[in-house]
Structures are given as C-alpha cells and as structure tokens.
Amino acid sequence: MSEIITFSPSLSLFGFGALLKLPGVLKSRSFKRILIITDPQVGASDILQRILDLLKGSFDWELFDGAPSEPHSIDVDKQKDRFGSDFDALLGVGGGSAMDFAKALSIIMTHGGLLADYAGEGTVPGQVIPIVCIPTTSGTGSQNTQTAVFTIKGVKLGCSSEYIRPAASIVDPELTMRLDPMVTRNTGYDALMHATESFTARPHAQVPERPILYQGGNPFSRALAFEAFRSIWASYRQAFSNGGNREARIGMSMGSHLAGIAFSHSGLGLVHALASSLGGMVDAPHGVCLAACTNIGLNYNFKVCEKDLSALASIMEGKDGLSSNLASAESFITKTQALIRELNFPSRPSELGIKKEDAQALLKNTLIQTRRIKTNPRPLDDELLSYIEKGI
C-alpha cells in the first residue's frame, strides 16, 4: 500500500466552440502530421468536415474512418501495417470505441506485435505516438483515461498504461447536439456508472500500488465523481428526451468528462466488471450491459458502501445536505432501477438472452477483470455466484 496519491489529468479544453481551438492545441505540441481515427457515422457527418477544414493548410493528415463500435483486438491488428509510424499524433474523434481504437493503434504502430500482447496493466513498454481526443458522445470519458477496451476470444479486456493517456482533449458539447437518442441513452448510463463506481471505489489505503493510477478512492477522485454524478443526474433525462437542450448537453458533457478523470484516478468496480463479462457473451452496447448488471453489482456491494450510496441518493432527492440512513441508501438502488425501466433498458442479464446455467461463465469472465475488481469496495468471495444466479 502507498500513502502517496498521484494526480495526472491531461490538458482539456471544454465548452461550446472549443473545437475551434484544435489547431492551437496541435501547434503548441509541434504536431504537424496527423492520423485521424474515427467511425463511419462521424466520418459521414459534418463534424469530420469541420475538423478537416480546421486542419487545412497547416497540417498533413491521413484518415481512417472504419473504427467499429465495440472493437475486437483483430480489428486493430488488421490496420497496423496500413499506416507508417511517421505521424506526430493520432487524433481520435468519436465515441469511446473510436478513441480507444486510436489508443490501441498507437501502441502497435509504435511497439509492434498484436494488440492482445498488451492486454492487462502496465504492459506497454514505453512512450507511444501521442493521442489527442475529441469526443462526440457523453459516455466513456476515454479522452481522459489510460485504457483501451477491446474484445479478445469472447472476453472484453483492456490494455491499461499511463503511456496511452491522451496528451490533450477537446470536449465541445455542440458536437453532441444531434446525437441519436439511443446513443445518448447508452453512453449516458456508462457515464452515470463511472461516477457511481468511482465514488464508491475501495479506499486508496486498501489498494496495493499498481502500474496504473487505479489507486482506489481518494479526495481528488471522490470530489470529481460526486460532482460528475450531480451533473449527469440533473441532465441525463433531458438530454435523452430533448437532444437539442443546450444546458442538458453541457451537463452531460461535463459530467462524463469529470467522471472519466475521476475513475482514471480511482478505478471502478463490480458493475463494470460484470458488464464487460456480459459484453463478451452477448451482442449489446456497453451501456446496455451495465444496466443489466447494475442490480447484481450494487446489491453485492451494498453493505460496504451504504454511506456513499446515501450521499449519491441525496443528489437524486435534490437535497443540499448528505443523508446517511439506510433508507436513503436503499433509495439509490430503487431510483436507479426506476431510471433503467423508464429508459427501457434491460434490468437483468436474462433480458439479453443469458440463462441461469450461464452464471458460472459470467462469474469466470468477471473474475478475469482484475483491472476493475481490485478497486471494488467489497472483495469478491464465494457469495458472488449466488448474487449472479439470483440477479440473472
């Protein structure tokens, strides 16, 4: 265990119109030759054209607009020989999958091999081609984090290294104004659970030192996670029902951004570990898998983090002070499940086709998620299987 807490956020520019600052951000780091990584949806939108217009005349660039949603490691491997390594930076534009694709590609473009070679923590041997991120959703917070998530052999895993934390990011809520409601719903729930699990993460003093800054809950991460939750809870429903609501989009962009900074300094927990396991077993977006696993994870951890859930419940209830009674902590789970039903999410893995006989496989794949479970507030024990079986 370490008594030292490390703070390592990257440069971020936030606000409507922040995209216009992109040339200055790139020039300040002497980035001249840029590889743009995005997905087909953004590639067909005016967002990409606006970025290309900003780069025109001052930068050389190449474009890859084939980053898939929920990428597999082989998707990245297929591209490693397509581009040279003589880029000053990779510019990831899109949701978490596109930004993670940029991080992953930077690893193998710099160090060679296959992406699966770098699964785990601290496996990247050194600096990579710098990454700059422009998120177009309000969910993963990948523009702040040291992890790229991908699927390998049916299991969602991550490559986590401080070397792949983006050098800079530009978060412009205007880029989310026309986001599809279902994408808003799915990515927004991811952000909500980032804030929740960062706030309830195992205390820093109980977490062994690691190669990455998933160092357990600490004053820096908890303060950011609490404000992130406040911002997301106040904005989420409005952003989903009325995507053109400027204040709601600002709230979601700020909330997801703060949550990303928070959990990249604390780590996450069982809900995300279960969702990553489930995501390797079914074809569903990450936010959907999170919703289906929320009840299992929160109930398993409940007795260990009642006080923290009470604090978050006070935000849900619009209170200025913090409540610390059991009823309030229980209301957090009740209100979260009500939100899941209201937004028509699945509330159990069985709604995604998982059967009770799959419980052992779900558990096995969850225990692989060491990046998440090391900071879960309650150590995982033999009781978890019964929670999974009951929650399926």
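The following paragraphs examine the structure supplied in this document.

What counts, and at which threshold
Residues numbered from 1 in each chain as written. Predicted model: local features only at pLDDT ≥ 70, side-chain atom pairs only at ≥ 80, totals over all residues. Heavy atoms only, no water. Buried < 20%, exposed > 50% of the residue type's maximum accessible area, 1.4 Å probe, protein only. Helix = DSSP H or I, 4+ residues; strand = E, 2+ residues; numbered from the N terminus. Pairing = 2+ DSSP bridges. Axes fitted to C-alpha atoms, helices over the stretch in contact; angles between N-to-C directions. Phe/Tyr/Trp six-rings, centres within 6.5 Å; stacked < 30°, edge-to-face > 60°. Disulfide = S-S within 2.5 Å. Expected span 1.5 Å × (residues − 1). Polar contact = N/O pair within 3.5 Å; in protein donor to acceptor, adjacent residues only side chain to side chain. Salt bridge = Lys/Arg side-chain N within 4 Å of Asp/Glu carboxyl O.

**Quick notes on the pairing of strand S9 (residues 168-171)**
Point 1. Burial of S9 is two-sided: the residues Ala168 and Ile170 facing one way and the residues Ser169 and Val171 facing the other way are all buried.
Point 2. Taken together, the four bridges between strand S1 (residues 11-14) and S9 define a ladder with parallel strand orientation. Bridging across to S9, phenylalanine 14 finds its partner in valine 171.

**Brief notes about the sheet that holds S9**
Sheet strands line up and pair through hydrogen bonds in the backbone, either parallel or antiparallel.
Point 1. Strand order in the open sheet formed by six strands is S1-S9-S6-S4-S2-S3, with parallel pairing between adjacent strands. Edge positions in the sheet fall to S1 and strand S3 (60-64), since each has one partner strand and no second. Neighbour to neighbour, the strand axes of the sheet diverge by 15° on average, direction disregarded.
Point 2. Pairing of strand S2 (residues 33-37) with S3 involves five bridges; the strand directions are parallel.

**A closer look at the pairing of strand S7 (residues 147-152)**
The side chains of a regular strand alternate, first on one face of the sheet and then on the other.
Point 1. Burial runs high along S7: six of the six residues are buried.
Point 2. Neither face of S7 is exposed, since Thr147, Val149 and Thr151 on one face and Ala148, Phe150 and Ile152 on the opposite face are all buried.
Point 3. Bridge count for S7 against strand S8 (residues 155-160) is six bridges, and the pairing is antiparallel. Counted as the bridge partner of valine 149 is glycine 158 from S8.
Point 4. Linking S7 to S8, which pair antiparallel, is a turn of two residues; within it lysine 153 sits at a positive phi near 50°.

**Focus on the packing of aromatic side chains**
Point 1. For the structure shown, the criterion picks out 10 aromatic pairs.
Point 2. Judged by centre distance (6.0 Å) and plane angle (5°), the rings of phenylalanine 229 and tryptophan 233 are stacked. In this pair, phenylalanine 229 and tryptophan 233 are both assigned in helix H7 (residues 219-241), four residues apart and thus about one turn of the helix distant.
Point 3. On the accessibility criterion, tryptophan 233 (14% relative accessible area) is buried.
Point 4. Measuring from centroid to centroid gives 5.8 Å for phenylalanine 229 and phenylalanine 332, while their planes differ by 40°, and the two rings are tilted. Here phenylalanine 229, found in helix H7, pairs with phenylalanine 332, found in helix H12 (residues 326-342); they are 103 residues apart in sequence, far enough to count as distant.

**A short note on unusual backbone geometry**
Point 1. The phi torsion at glutamate 70 lies on the positive side, around 50°, for a residue other than glycine.
Point 2. Relative to the helices and strands, glutamate 70 is located in the loop between S3 and helix H4 (73-77).
Point 3. The residue asparagine 344 is not glycine, and still its phi comes out positive at about 60°.
Point 4. Along the chain, the position of asparagine 344 falls in the loop between H12 and helix H13 (359-367).

**Things to note about the state of the cysteines**
Point 1. Overall, the coordinates contain zero disulfides when judged by the stated rule.
Point 2. In this structure cysteine 159 is a free cysteine whose sulfur lies 14 Å from that of cysteine 133, the closest cysteine sulfur available.
Point 3. Looking at the unpaired cysteine 305, the closest cysteine sulfur is the one in cysteine 293, lying at 16 Å.
Point 4. Judged by relative accessible area, which is 4%, cysteine 305 ranks as buried.

**A short note on helix H6 (residues 181-199)**
Point 1. An ideal rise of 1.5 Å per residue puts 27 Å on 19 residues; H6 measures up with 27 Å between its terminal C-alpha atoms.
Point 2. With 16 of 19 residues buried, H6 lies mostly within the body of the structure.
Point 3. Capping of H6 at its N-terminal end is provided by aspartate 180; its side-chain oxygen lies 2.8 Å from the backbone amide nitrogen of methionine 182.

**Digging into the pattern of salt bridges**
Point 1. This structure, assessed with the given rule, holds 14 salt bridges.
Point 2. Between glutamate 162 and arginine 165 there is a salt bridge, with its nearest N and O atoms 3.0 Å apart.
Point 3. Arginine 165 sits in the buried class, given a relative accessible area of 8%.
Point 4. A salt bridge links aspartate 381 to arginine 378; its shortest N-O distance comes to 3.1 Å.
Point 5. For arginine 378, a relative accessible area of 12% corresponds to the buried category.
Point 6. Among the charged side chains, a salt-bridge network with shared partners connects Arg33, Glu62 and Asp86.

Worth remembering: the numbers are spatial, not functional.
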